[in-house]
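For reference, the chains in residue letters:
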Protein chains: 2
Amino acid sequence: MISIVIIGSGNVATQLAKTFNDVNEISLLQVIGRNKNSLKSLSKFTETTSSFSKIKEASIYIIAVSDDAITEVSEKLPFNNRLVVHTSGSVSIQQLSKKNHRGVFYPLQTFTKNKVIQFKNIPICIEAEHKKDQQTLETLGKSISEKVTFISSKERELIHLAAVFVNNFVNHLYHIGNNIVNQQNISFDLLKPLILETANKIINSEPMSVQTGPAKRNDTQTIEKQLHLLKNTHYKDIYKLLTQSIFNEFSTKNKSNE
Amino acid sequence: MISIVIIGSGNVATQLAKTFNDVNEISLLQVIGRNKNSLKSLSKFTETTSSFSKIKEASIYIIAVSDDAITEVSEKLPFNNRLVVHTSGSVSIQQLSKKNHRGVFYPLQTFTKNKVIQFKNIPICIEAEHKKDQQTLETLGKSISEKVTFISSKERELIHLAAVFVNNFVNHLYHIGNNIVNQQNISFDLLKPLILETANKIINSEPMSVQTGPAKRNDTQTIEKQLHLLKNTHYKDIYKLLTQSIFNEFSTKNKSNE
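What comes next concerns the included structure. All values derive from a computational prediction rather than experimental measurement.

Cut-offs used in this document
- Residues numbered from 1 in each chain as written.
- Chains lettered and ligands numbered in written order.
- Predicted model: local features only at pLDDT ≥ 70, side-chain atom pairs only at ≥ 80, totals over all residues.
- Heavy atoms only, no water.
- Helix = DSSP H or I, 4+ residues; strand = E, 2+ residues; numbered from the N terminus.
- Buried < 20%, exposed > 50% of the residue type's maximum accessible area, 1.4 Å probe, protein only.
- Contact = heavy atoms within 4.5 Å.
- Areas by Shrake-Rupley, 256 points an atom, 1.4 Å probe, with all protein chains shown as cover.
- Lys, Arg positive; Asp, Glu negative; His and termini not counted.
- Charge placed at Lys NZ, Arg CZ, Asp CG, Glu CD.
- Buried area = accessible area lost by both parts, 1.4 Å probe.
- Salt bridge = Lys/Arg side-chain N within 4 Å of Asp/Glu carboxyl O.
- Polar contact = N/O pair within 3.5 Å; in protein donor to acceptor, adjacent residues only side chain to side chain.
- Phe/Tyr/Trp six-rings, centres within 6.5 Å; stacked < 30°, edge-to-face > 60°.
- Least-squares fit on C-alpha atoms with pLDDT ≥ 70 in both.
- Pairing = 2+ DSSP bridges.
- Axes fitted to C-alpha atoms, helices over the stretch in contact; angles between N-to-C directions.

## A closer look at the overall build of chain A
Stage number 1. From N to C terminus, chain A includes 9 helices and 8 strands.
Stage number 2. Counting the 258 residues in chain A, one finds 56% classified as buried.
Stage number 3. Counted over contacts in chain A with a minimum sequence separation of 6, partners at least 24 positions apart contribute 53%.
Stage number 4. Working note: accessible area of chain A is about 11700 Å², and carbon and sulfur atoms make up 46% of it.
Stage number 5. Side chains of chain A carry 31 positive and 23 negative charges; the gap between the two charge centres is 5 Å.

## Brief notes about the interface of chain A and chain B
Stage number 1. Contacts between chain A and chain B engage 85 residues on the former and 86 residues on the latter.
Stage number 2. Of the roughly 8500 Å² buried where chain A meets chain B, counting both sides, 68% is carbon and sulfur surface.
Stage number 3. On inspection of chain A and its partner chain B, the count reaches 0 salt bridges.
Stage number 4. Between the two partners, chain A and chain B, sit 34 residue pairs in polar contact (both at pLDDT 80 or more).
Stage number 5. Looking at the side of chain A that touches chain B, the elements with two or more residues in it are helix H5 (153-182), helix H6 (192-204), helix H7 (214-217), helix H8 (220-229) and helix H9 (233-257) of chain A.
Stage number 6. For the side of chain A that touches chain B, the leading source of residues is H5(A), giving 27 residues.

## With respect to the packing of aromatic side chains
Residue and element names in this part refer to chain A.
Stage number 1. Under the counting rule described, the total for this entry stands at 12 aromatic pairs over all chains.
Stage number 2. On the basis of an interplanar angle of 45 degrees and a centroid distance of 6.2 Å, the ring pair of Phe20 and Phe105 is categorised as tilted. Of this pair, Phe20 sits in helix H1 (residues 11-21) while Phe105 sits in strand E6 (residues 101-107), and the two are 85 residues apart along the sequence. An identical accessibility class is assigned to Phe20 and Phe105; each is buried.
Stage number 3. Pairing Tyr61 with Phe79 gives two aromatic rings, centres 4.4 Å apart and planes at 35 degrees, and the pair type is tilted. Here the residue Tyr61 occupies a position in strand E4 (residues 60-63), and Phe79 occupies one in the loop between helix H3 (70-76) and strand E5 (83-86), the gap between them amounting to 18 residues.

## Notes on helix H1 (residues 11-21) of chain B
Stage number 1. All of the buried residues in H1(B) are Ala13(B), Thr14(B), Gln15(B), Leu16(B), Ala17(B), Thr19(B) and Phe20(B).
Stage number 2. Buried residues along H1(B) sit in contact with strand E1 (2-7), strand E2 (26-32), helix H2 (36-42), strand E4 (60-63), strand E6 (101-107) and helix H4 (131-142) of chain B.

## Side note on the relation of the copies chain A and chain B
Stage number 1. Superposing chain A onto chain B takes a rotation of 180 degrees combined with a translation of 0.0 Å along the rotation axis, leaving an RMSD of 0.0 Å. On the angle and the small slide along the axis, the relation comes out as a two-fold axis. Minimal C-alpha separation from the rotation axis in chain A is found for Val170(A), amounting to 2.8 Å.
Stage number 2. Most of the interface of chain A is mirrored in chain B, where 100% of its interface residues again form contacts.

## Some points on the pattern of salt bridges
Stage number 1. The full count for this structure, using the stated rule, is 14 salt bridges over all chains.
Stage number 2. The salt bridge partner of Lys142(A) is Glu138(A), with a shortest N-O separation of 3.2 Å. A residue pair is termed a helical-turn pair when its members lie 3 or 4 positions apart in one helix, as Lys142(A) and Glu138(A) do in helix H4 (residues 131-142) at 4 residues.
Stage number 3. On the accessibility criterion, Glu138(A) (23% relative accessible area) is partly exposed.
Stage number 4. Put simply, Arg102(B) and Glu129(B) hold a salt bridge, and the shortest N to O gap is 2.9 Å. A residue pair is termed long-range when its members are at least 10 positions apart, and Arg102(B) in strand E6 and Glu129(B) in the loop between strand E7 (124-128) and H4 qualify at 27 residues.

## Concerning the side chain of Arg156(B)
Stage number 1. Inspection of the secondary structure puts Arg156(B) in helix H5 (residues 153-182).
Stage number 2. Beyond its immediate stretch of four places on either side in the chain, Arg156(B) contacts His86(B), Ser88(B), Gly89(B), Ser90(B), Val91(B), Ser92(B), Ile93(B), Val104(B), Tyr106(B), Glu127(B) and Ile151(B).

## A closer look at the sheet that holds strand E3 (residues 47-49) of chain B
Residues and elements named next belong to chain B.
Stage number 1. With mixed pairing, the 8 strands of this open sheet are ordered in space as E3-E2-E1-E4-E5-E6-E7-E8. Every other strand in the sheet has two partners, leaving E3 and strand E8 (148-150) as the edge strands with one partner each. Mean inter-strand twist for the sheet, computed between neighbouring axes without regard to direction, equals 25 degrees.
Stage number 2. Two elements, E4 and strand E5 (residues 83-86), share 4 bridges in a ladder whose sense is parallel. In the sheet register, Tyr61 faces E5, and the bridge partner there is Val84.
Stage number 3. The sheet strands contacting H5 are E5, E6, E7 and E8, and the helix crosses E6 at an angle near 25 degrees.

Rendered as structure tokens:
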């Protein structure tokens, strides 16, 4: 049986604690964190503490804290030669303290407070320096997800960068869309079926093959009209740059087909 | 019984023809188009022709052609004082010929060839100059969708602009994400659960309230590292501008909360 201790009490730590708590093959021994309120809600599932000196012996220690605290927390652990992993997309395995066996357990998903996530279809990117640790992390991953993949720190950097585009930046474009329709008190609800269909389309198609719109068609009349409608200069700049970028991709594509 | 003639044989025309063909209360009399291949596949459902002189008498004529052809097609119709609508998000009702009653029947969705669309949840934005025509279009809309809304040309302009952000631009960001992971032969499939969750999140939340990522946290270390990873200068510019825009929204928000 794999036993785990989770360090952290934010979104990722909480989701992992709740999920592992329901898995028979995994024993969640403890959650360690500073935020007393978050620990309180977790104390329904398992033992909680704020003190590193009370940390239990476990097969795997999962550090799920903010990126810039990972190194410091890994150095504070009062033991050596055990398996310690972090859960971050953008932090290298090297940033964990050398005194323990190092690894990464990165669930590729966006977590929101109070929304329970089903891990079954979430890709879990794992990495470890030793073969045996890789196997342990694979078993841990497979206990909650059908999509466990070995990913190096270098690959993970690119995945996290791509995730910023398809998640953080996309969400900001939703926000801009929301602002644009709200100007005239039009409900953002009108756009939701379009947003879902746009996301669903790329499940079975390359994004470039389903690109539509004025930029792709180089429909300069519509582009000029829409730029004129945009009063916010930041939004205007974003419109221009993305329009240019779509136009470039398609004009390059046409040239390479000639 | 409302009878209709559809003019056009592209994605929107084809989807509408197939959908109205299944509705008992609507009689699809004819599809008129230039593309013989597309007409051939539609001839299973209804009469097709390429000749405007053979156009039948109907309650509504639906012009579903490319934006820049709408005016010309509306002028070519060999009759007066009938109800003629277009299906475009970005074209004003005024661009239809004055010789007929004018209207708009705009399904707010992205259409792909060979993918059948369920209209039931698609918002249909309608507009007409006469009360009676509004009612006719409302009946037509409600025969296929539960979400029929009266929208003026001015409002529709903004909706279409917002749609460019949440559909065309978002899809381009998916394409960039795809390119980034493909550099290292990492499968784009890894990102798909994240893409779907990002879209699903805004069904019940304001986009701004679920924004995450380095730009929101002003995590300059991650931002610098990611900019360094991006080799494509266009993508670098997009990264910088969207990061700046997210940062601006949150610093403005924080200031207004002070």
